[in-house]
Amino acid sequence: MKANDNSEKNILHPRNLHRSRYDFEKLISNCPELKAFISVNKHGIETIDFSNPNAVKALNRALLQTYYGIQNWDIPKNYLCPPIPGRADYIHYIADLLAESNNNEIPNTSSVLGLDIGTGSNLIYPILGNAIYNWSFVATDIDKKAIENCSKIIGNNSKLIDAISLQQQTESRFIFKNIITPEDRFTFTICNPPFHASAEEANKSASRKVSNLNPKEKRNANPVLNFGGQNAELWCNGGEITFITQMIYESAKYASQCLWFTTLVSKKENLPSIYKTLKKVNAVAIKTIDMAQGQKSSRIVAWSFLSDTQRNFPI
């Protein structure tokens, strides 16, 4: 006998569709393959094994199909499989940020153009932004295989064809260069940067995560990641702070071409350095938006080089 638990995940954004526990009956009706991964835990509640990457992928596919109208979503083996509720939160907080420049109204229009830095093979931010708010996107990545998979996702969903364009970053040391042309005007940028400084650090973190999700599993030097992830998705030389610092310095070169630059910041201890760099490049407006999902806390840092008057216009 399973328990009926409708308790809300109150830490998620108020507009997030995933504040309540997953309705597995509804999800399975849209995506039958999910049923094989459902079990009832010791509290009598239906769940999946979140340490199993195949289970996480099946859940994502079901969520995207059920709530966002996305068909045949898939990613290559060992690529990052993002948790949908947390990614949706980032999109909702971006919407709130844009509303501040739009007479306190969230813009639900394809004229909003986002630039997704490091979209991975999953294309999740453009998918959610388009499904929820009808926004358009340019999605970039340095990984050719990831871009090719994103192209397959778009090809499987005709509504995405005119809404999302893809661009491969050909030089890994750059973030906006080669991507933003002189004619481009973006409403916002969005990024979930690699936060580890090395493969070893990423593996240790993954081992801890898998152990926490499934205490019976022994620590493994090369763990199977429940959410997957390639090198460029999980780590870069210098880690999160180096990546974001580079992003900030580059953003100053495109100061007038984007309303808001934004990034996730996983490590709170990196914030003082980030604020210092933003002051160095003369960012006019800086905002920090706290986020949380489960036991993990994070935040969005947003900055703009435009004045208050320039930022306040109908989008």
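Parameters and conventions
Residues numbered from 1 in each chain as written. Predicted model: local features only at pLDDT ≥ 70, side-chain atom pairs only at ≥ 80, totals over all residues. Heavy atoms only, no water. pLDDT = per-residue confidence, 0-100. Contact = heavy atoms within 4.5 Å. Helix = DSSP H or I, 4+ residues; strand = E, 2+ residues; numbered from the N terminus. Buried < 20%, exposed > 50% of the residue type's maximum accessible area, 1.4 Å probe, protein only. Phe/Tyr/Trp six-rings, centres within 6.5 Å; stacked < 30°, edge-to-face > 60°.

Student: Would you explain the confidence of the model for the chain in this entry?
Tutor: Detailed reading of the predicted coordinates is not advisable wherever pLDDT falls low. Averaged over the chain, the pLDDT score is 87; the fraction of residues at 70 or greater is 82%. Note that pLDDT drops below 50 for residues 1-8; the model gives that stretch 15 contacts with residues more than four away or on any other chain. Segment residues 219-231: pLDDT under 50, and 40 contacts once partners within four positions in sequence are set aside and those in other chains are kept.

Student: I keep staring at the side chain of T263 and nothing clicks. Help me out?
Tutor: Assignment of secondary structure puts T263 in strand β7 (residues 258-265). Relative accessible area serves as the criterion here: at 1%, T263 is assigned to the buried category.

Student: Sorry if this is basic, but what is going on with the packing of aromatic side chains here?
Tutor: Two aromatic rings are characterised by how far apart their centres lie and by the angle between their planes. Here the structure, examined in full by the defined rule, presents 9 aromatic pairs. With centroids separated by 4.9 Å and ring planes inclined at 25 degrees, the aromatic side chains of Y133 and W135 adopt a geometry described as stacked. Across the pair, exposure class does not vary: Y133 and W135 are buried alike. With centroids separated by 5.7 Å and ring planes inclined at 80 degrees, the aromatic side chains of F137 and F188 adopt a geometry described as edge-to-face. Taken together, the positions of F137 in strand β4 (residues 136-141) and F188 in strand β6 (residues 186-191) put the pair 51 residues apart, joining distant regions of the chain. As far as burial versus exposure is concerned, F137 and F188 are alike and both buried. Members of the aromatic cluster, joined through ring pairs, are F176, Y254, F261, W303 and F305.

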